[in-house]
Amino acid sequence: MLKSTKMRRTVLSGVLTAAVSTGLATMSTAAVAADFPDRPLTVVVGFAPGGATDVLTRLVTKAMSDELGQPIVVENRAGANSNIGADYVLRGKNDGYTMYTGTISNAINNTLYRDLRFDFPKDFDSVGLMANIANMLVINPDKPYKTLPELIDYAKANPGDVTCASAGVGSSIHMSCELFKIKTDTDILHVPYRGSAPAVVDLIAGQVDIMFDNLPSSVPHVRAGKLNALAVTTPERQASLPEAPTFVESGFEDFVVQAWFGLNVPAGTPKDRIDILNAALNKALKHPEVVAAYEKNGFLLPPPPNSPETYGEQVSQQAKLWGEVVDTAKVVVQ
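In what follows, the accompanying structure is described. Keep in mind that what you see is a predicted model, and the values were worked out from it rather than measured. All residue numbers here refer to positions counted from 1 along the written sequence of the relevant chain. Totals for whole chains, interfaces and linings use every residue, but because this is a predicted model, local features are given only for residues with pLDDT of at least 70 and side-chain atom pairs only at 80 or more, for both listing and counting. Each side-chain value is worked out from all heavy atoms of the structure, with water and hydrogens disregarded.

### With respect to the packing of aromatic side chains
Then step 1. The rule is short: rings of Phe, Tyr and Trp, with Trp giving its six-membered ring, pair when the centres are within 6.5 Å, and they are stacked under 30 degrees, edge-to-face over 60, tilted in between. Using the criterion set out here, one finds 16 aromatic pairs in the structure.
Then step 2. Ring centres of Phe 180 and Phe 255 lie 6.4 Å apart, and the angle between their planes is 90°; this geometry places the pair in the edge-to-face category. Of this pair, Phe 180 sits in helix 7 (residues 172–184) while Phe 255 sits in the loop between strand 8 (228–232) and strand 9 (258–266), and the two are 75 residues apart along the sequence.
Then step 3. Ring plane angle 75° and centroid distance 6.0 Å describe the contact between Trp 260 and Tyr 311, whose orientation is recorded as edge-to-face. With a gap of 51 residues between them, Trp 260 in strand 9 and Tyr 311 in helix 12 (residues 308–329) connect regions that are remote in the sequence.
Then step 4. Owing to a relative accessible area of 1%, Trp 260 belongs among the buried residues under this scheme.
Then step 5. Taken together, the aromatic side chains of Phe 180, Phe 212, Phe 247, Phe 252 and Phe 255 make up a single cluster linked through ring pairs.
Then step 6. Geometrically, a charge over a ring is one whose NZ (Lys) or CZ (Arg) sits within 6 Å of the ring centre while staying within 35 degrees of the ring normal. Above the ring of Tyr 97, the side-chain terminus of Arg 39 is found at 3.6 Å from the ring centroid. In DSSP terms, a helix is any run of H or I states spanning at least four residues, a strand is any run of E spanning at least two, and both are numbered starting from the N terminus. Each residue's exposure class comes from its accessible area (1.4 Å probe, protein chains only) as a fraction of the maximum for that residue type: buried when under 20%, exposed when over 50%, partly exposed otherwise.

### Overview of the packing of helix 2 (residues 52–68) against helix 11 (residues 288–297)
Then step 1. The N-to-C vectors of helix 2 and helix 11 enclose an angle of 160°; their axes lie 9 Å apart at closest approach. Taken together, helix 2 and helix 11 sit at an angle that is classed as roughly antiparallel. In this structure, helix 2 meets helix 11 at a crossing whose hand is left-handed. Only Glu 289, Val 290, Ala 293 and Tyr 294 of helix 11 make contact with helix 2, whose side of the interface consists of Leu 56, Leu 59, Val 60 and Ala 63. To define axes, lines are fitted to C-alpha atoms, for helices over the stretch in contact only, and angles between the resulting N-to-C directions are given on a 0 to 180 degree scale. Here the word oblique covers every angle except those under 35 degrees (roughly parallel), over 145 (roughly antiparallel) and from 65 to 115 (roughly perpendicular). Each crossing gets its handedness from the near helix: less than a right angle anticlockwise from the far helix is left-handed, clockwise is right-handed. We call two residues in contact when some of their heavy atoms are within 4.5 Å.

### Brief notes about helix 11
Then step 1. Along helix 11, the positions that sit buried rather than exposed are Val 290, Ala 293 and Tyr 294. For helix 11, the arc enclosing every buried residue in end-on projection is 100°, short of the 170-degree limit, so these residues lie on one face. Among the exposed residues of helix 11, those oriented more than 90 degrees off its buried face are Pro 288, Glu 295 and Lys 296.
Then step 2. Where helix 11 is buried, its residues touch helix 2, strand 4 (124–139) and helix 10 (271–284). Here the arc refers to the set of directions running from the helix axis out to each C-beta atom.

### With respect to the pattern of salt bridges
Then step 1. In the sections that follow, a salt bridge refers to a side-chain nitrogen of Lys or Arg positioned within 4 Å of a carboxyl oxygen of Asp or Glu. Taken as a whole, this structure holds 13 salt bridges when the rule is applied.
Then step 2. Residue Lys 183 pairs with Asp 254 through a salt bridge whose shortest N-O separation is 2.7 Å. With a gap of 71 residues between them, Lys 183 in helix 7 and Asp 254 in the loop between strand 8 and strand 9 connect regions that are remote in the sequence.
Then step 3. For the salt bridge of Glu 249 with Arg 237, the shortest nitrogen-to-oxygen distance reads 2.8 Å. Here the residue Glu 249 occupies a position in the loop between strand 8 and strand 9, and Arg 237 occupies one in the loop between strand 8 and strand 9, the gap between them amounting to 12 residues.
Then step 4. Overall, Glu 249 belongs to the partly exposed group, its relative accessible area being 46%.
Then step 5. One connected set of salt bridges, linked through shared partners, spans Asp 87, Arg 91 and Arg 117.

### A short note on the state of the cysteines
Then step 1. Pairs of cysteine sulfur atoms within 2.5 Å are what we label disulfides. In the structure shown here, the tally under the stated rule is one disulfide.
Then step 2. Two residues, Cys 164 and Cys 177, share a disulfide whose sulfurs are 2.5 Å apart. Residue Cys 164 is found in strand 5 (residues 163–166), and its partner Cys 177 is found in helix 7; the two are separated by 13 residues along the sequence.
Then step 3. A relative accessible area of 0% means that Cys 164 is categorised as buried.
Then step 4. Note on Cys 177: relative accessible area 1%, which makes it buried.

### A word on the pairing of strand 4
Then step 1. Among the 16 residues that make up strand 4, 15 are buried, leaving the element largely enclosed by the rest of the structure.
Then step 2. In this scheme, strands are said to pair when DSSP sees at least two bridges between them. Taken together, the nine bridges between strand 4 and strand 9 define a ladder with antiparallel strand orientation. The partner of Asp 125 across the bridge, within strand 9, is Val 265.
Then step 3. Here five bridges tie strand 4 to strand 7 (residues 210–214), and the two strands are oriented antiparallel to one another. From the neighbouring strand, Met 136 faces strand 7, where its bridge partner is Asp 213.

### Overview of the environment of Val 265
Then step 1. As for its placement among the helices and strands, Val 265 is situated in strand 9.
Then step 2. A sequence separation of 176 residues divides Val 265 from Val 89, and the C-alpha atoms of the two residues are 7.9 Å apart.
Then step 3. With residues up to four places along the chain from it excluded, the contact list for Val 265 reads Thr 98, Met 99, Phe 124, Asp 125, Val 127, Ile 274 and Leu 277.

### Digging into helix 2
Then step 1. Its 17 residues give helix 2 an end-to-end C-alpha distance of 24 Å, which sits within 8% of 24 Å, the value for a rise of 1.5 Å per residue.
Then step 2. Listing the buried residues of helix 2 in full gives Thr 53, Asp 54, Leu 56, Thr 57, Val 60, Thr 61, Ala 63, Met 64, Ser 65 and Leu 68.
Then step 3. With its phi angle positive at about 75°, Gly 69 sits one or two positions after the end of helix 2. Take the number of residues in a helix, subtract one, and multiply by 1.5 Å to get its expected span.

### Some words on the environment of Glu 309
Then step 1. Tracing the chain through its elements places Glu 309 in helix 12.
Then step 2. As for Glu 309 and Gly 128, which are separated by 181 residues in sequence, their C-alpha atoms are 8.1 Å apart.

In structure tokens form, the structure reads like this:
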């Protein structure tokens, strides 16, 4: 009888101890989440101030700061097509206080730079997508081809004669052209520039023939009659230029290219902190000033659900896609 009572007390004691331990662990996790963030955060942009990545990051993180109750400092660390900024973030702590603005460039760089010291999809965790931007195939209006099929027929009949301008080797604008060449089996000469602005100037002047430009920067030139729009690279037509057909409509069902911008943190960042940042991001994207700026500048809001998982899947898919394009086109960084 005494032995049985003692055994019951021992079992009960063990159950209570386990329950208390579990409760303390849950309370500890909740406390960590509740206390984050308790000081200013930083987001690193891998490009110079004033560009689309920088402007978008500052717009969104300002609204996120309001949601989190802490300042978010934007730090520009430009160089090597954003690789310097990414490497800098990976050298820091994975505590959620330092974020990085991931872009389509990081997906391209993953294969383009053979000596890269990190693997972007593996070494960064995803917080969420900030925006997409459509690319658009534009041409000089004086060229003999006026439609997408006419351009393809001309390029096939005149190998190497058509020139395609870009913002530089490895840019999303360049890689869109390389993907186009692969999909259409055409020989088109790539002409890299130091940025999209001088490339557009030469396109308008007729020094080069075609270009895959970010839609917001080319729409004014199309409306002014200085450029012709042949197709947009999004699944649907764009409200800012509804007359421009999509590549999908033109028979290229898998030709979808969008420049994208998201928030990332070093791998191993606590999941509860990532979730807090994601929630703040999604609330920030609903701020009236953010929505208005997106509409004005041609940024596309992320499709729901904008979770760390959906954005992470996009990053992985993009790294795979552009890795194949880099290898097939034999693109090399000088």
